[in-house]
Amino acid sequence: MVEEEAKSLPMELSEKGGVENNGFVQNEAFDDKDTDTSSQEEMPKTCVVDADPAAVEELALKPYAGMPKEVLLKFSSQARYRVTREILFWLTIAAAIVLVCATIAIIALSPKCLDWWQDSPIYQIYPRSFRDSNMDGNGDLKGIQEKLDHIAYLNIKTIWITPFYKSPLKDLGYGAEDFYDIDPMFGSMSDFESLLAAIHDRGLKVIMDLIPNHTSDKHRWFQLSRNRTGKYTDYYIWQNCSQAAGSVTPPNNWVSVFGNSGWQFDAVRQQCYFHQFGKEEPDLNFRNLAVQQEIHDIIKFWLGKGIDGFSFSAVKFLLEATHLRDEPQVNKSQNPETITAYSQLYHDYTTTQVGMHDIIRSFRQTMDQFSSEPGRYRFMGSDGEEEEDIEATMMYYGTTFTQEADFPFNLNLINMKNLSGNSVFEAVNSWMKNMPAGKWPNWAVGSPSAARISSRIGKEYINVINMLLLTLPGTPVTYYGEEIGMENIASENVTFPEKSPMQWDSKANAGFTEGNSSWLPINSDYQSVNVEIQMTQSNSTLNLYRELTLLRNNELPIHRGWMCYIWNDRNVFVYVRELDGLNRVFMMVLNFGQESTIDLTAIVPSLPSEAFIRLSTHFSNAGKAVNTKLIKTERGEGLVLEYKTAKPVHTMEAFQGSCFVAEKACYSSAFNLLYVNC
């Protein structure tokens, strides 16, 4: 029946008798094996039967798989396909435009991302005391590489290594004999390159010290200069000085930082050279452009090696007055012949001379040449002026139009004469109120030239000082060993008690060396104060330090938010960290005196009646709720309180002069991102 209906369908055969298939399965009636060529010849050229034209057209225009372009075009021109296609096209264009505009808006409104030197604390290492890898009793570069996991454990991403240039070590390596080489005590250039690669493989950064002011008297430049050889003749500051009966009369009354005259007679050249520090460290003549170029070449050499930044030390001594006049006496009635101490003169002609900042800016420009690669910004730090001259220190930040250091290192917390809530407030406020707008602060509580925290102010304050350091705005700097509360060596015969070897474990020599001895004695408390044992103690100084770095890294208000002073007295210092758009606030209540009780609601009326303890120096208190009307802290106790509020402190009129922010940002909870226009 079906076969008969198929035969009755209207169709037209081609002149050659073929059948148009259009990609469908061939009809059994025209199977190749049943087709006879001779029979085709007998078929009429055209066979037409009665057919409905509409039906034929419908069959011809029905879409099918693999249809040729001509057929496809017939359908594409139909309204139902054309309109749909145009709608999809314009929707795609509109979506692309919206996406581009949204991207531009996000970029325009997003705050500047914190750079690596802002993002992480800095860990300062004195290499001779960190870890000895070859059993000679001196720490070295391989020893630092062996302990990089410790840096990562602390959640720190930046390492600052004090000088390891080839040096006679007369001033702990600060007078270089060769700026292009490693002192054999610390290893070789190959060891340095291996350490640098290991640091970068872990995603860490490394900063080096550079002291451009002077060299060692063993330096090749000085040897050539004392012999008046070519361009090196004026590489140092030489002046005539009279010599009679074995004594030398210097050109003026300038004294060394270490005391006594700053002039030293050289028998080879028969002149005196000037030295701001030890007599083995002659000052370079920075009024000689060739000397400046030498320092630029040194900077380029180490940046070319791949280091991530420099800390420039002793830069205020780069230039001296050319008139060589005597410096004014502090006590004008003192006999000039008796002046031997650095503190007895005002150093108007030997520090911070006109042109000094121009030299520092030129260092910055050289470093910027290596900062063009994305993610490879080269950090520049510097020391500053004396603590009494905070305004002069702030000049090292540069100006609005010309950058110098990313920040001068802040030693306010180290230089405190006594410890109290008030003194800590004054040290913090002094920096924050004088810092130029838009600049980034930094804080340090220890250094290679200062007594350790535990020895300086008492071991009961080590945890609260670390809590202060890691919750203030800006970049914290930790001197090795402060994370476990190391103390100075308790011995009168030790020259550098704050540089005792790092205490790694309870084994012989505290795990610092496998040799028989170390260059300085190991502190006698190493069996209880060491990294290994504190890692196992949940309430240790080390684990509190680690929890604080995690808090800093993970919480936006502490990472880059506002800081507002709430209260300070002789016992406590209280401040908050908060971020626009985020209702979560952190309040630090830090005790630097005696036991204290404070009513915070009387100071901040909008404060919630209850807050909970996020972190405490007394670990068992973490997670507990406290009544903000009655906050009690013991001697040396620190609390990080967390609460929610719709009215942050920095928006209150009463605190307008007590709030600071460096890199302002606002949080959008709807989009979970930061933006700048609050």
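Here is what the cut-offs are and how they apply
Residues numbered from 1 in each chain as written. Predicted model: local features only at pLDDT ≥ 70, side-chain atom pairs only at ≥ 80, totals over all residues. Heavy atoms only, no water. Helix = DSSP H or I, 4+ residues; strand = E, 2+ residues; numbered from the N terminus. Buried < 20%, exposed > 50% of the residue type's maximum accessible area, 1.4 Å probe, protein only. Contact = heavy atoms within 4.5 Å. Phe/Tyr/Trp six-rings, centres within 6.5 Å; stacked < 30°, edge-to-face > 60°. Lys NZ or Arg CZ within 6 Å of the ring centre and 35° of its normal. Salt bridge = Lys/Arg side-chain N within 4 Å of Asp/Glu carboxyl O. Disulfide = S-S within 2.5 Å.

*Asks:* Please clarify how the environment of P501 should be interpreted in this entry.
*Replies:* Among the secondary structure elements, P501 is positioned in the loop between β15 (475-479) and α17 (531-535). Note on P501: relative accessible area 0%, which makes it buried. Beyond its immediate stretch of four places on either side in the chain, P501 contacts S129, M486, F512, S518, L520, P521 and I522.

*Asks:* Teacher, can you tell me more about the packing of aromatic side chains here?
*Replies:* Between two aromatic rings, the relevant description is the distance of the centres plus the angle of the planes. On inspection of all chains with the given rule, the structure shows 43 aromatic pairs. Residues W160 and F409 carry aromatic rings whose centres are separated by 4.4 Å and whose planes lie at 20 degrees to one another, so their mutual orientation is stacked. On the criterion of sequence distance, the pair formed by W160 in strand β2 (residues 158-161) and F409 in the loop between β13 (407-408) and α14 (421-434) is long-range, its members being 249 residues apart. The same class applies to W160 and to F409, which are both buried. Taken together, a centroid distance of 5.7 Å and an interplanar angle of 75 degrees make the contact between W238 and Y273 edge-to-face. Here Y273 lies in strand β10 (residues 271-274) and W238 lies in strand β6 (residues 238-239), a separation of 35 residues in the sequence. Overall, the relative accessible area of 8% leaves W238 in the buried class. By way of ring pairs, the aromatic residues F164, Y165, F179, Y180, F192, W221, Y232, Y235, F301 and W302 are connected into one cluster. It is K147 that lies over the ring of W504; its NZ or CZ is 4.4 Å from the centre. One cation-aromatic arrangement involves R325 over Y349; the distance from NZ or CZ to the ring centre is 5.6 Å.

*Asks:* Explanation requested: the pattern of salt bridges in the structure shown.
*Replies:* Between side chains of opposite charge, a pair can form when the charged atoms approach closely. In total, this model carries 24 salt bridges according to the counting rule given. A salt bridge links K142 to D191, with the shortest nitrogen-to-oxygen separation between them at 3.9 Å. One end of the pair, K142, is in helix α7 (residues 141-146); the other, D191, is in helix α9 (residues 189-201), and 49 residues separate them in sequence. Take K142: its relative accessible area is 45%, and that puts it in the partly exposed class. Take D191: its relative accessible area is 15%, and that puts it in the buried class. In this structure, D308 engages R376 in a salt bridge whose closest nitrogen and oxygen atoms are separated by 3.5 Å. Taken as a pair, D308 in the loop between α11 (289-305) and β11 (309-312) and R376 in the loop between α12 (356-368) and β12 (379-382) lie far apart in primary sequence, 68 residues in all. Assessed through its relative accessible area of 1%, D308 is described here as buried. Residues joined by salt bridges that share partners form a network here, namely E555, R584, R614 and E642.

*Asks:* Whenever I open this one, the state of the cysteines confuses me. Can you help?
*Replies:* By definition, a disulfide links the sulfur atoms of two cysteine residues through a covalent bond. Within this structure, the stated rule accounts for two disulfides. The side chain of C564 participates in a disulfide bridge whose partner is C659; the two sulfur atoms lie 2.0 Å from each other. The disulfide joining C564 to C659 has a torsion of about 120 degrees about its S-S bond and is therefore right-handed. Of this pair, C564 sits in strand β16 (residues 562-568) while C659 sits in strand β24 (residues 659-660), and the two are 95 residues apart along the sequence. Given a relative accessible area of 0%, C564 falls into the buried group. Take C113: it sits in no disulfide, and the sulfur closest to it among the cysteines is that of C666, at 15 Å. Residue class for C113 comes out exposed when judged on its relative accessible area of 64%.

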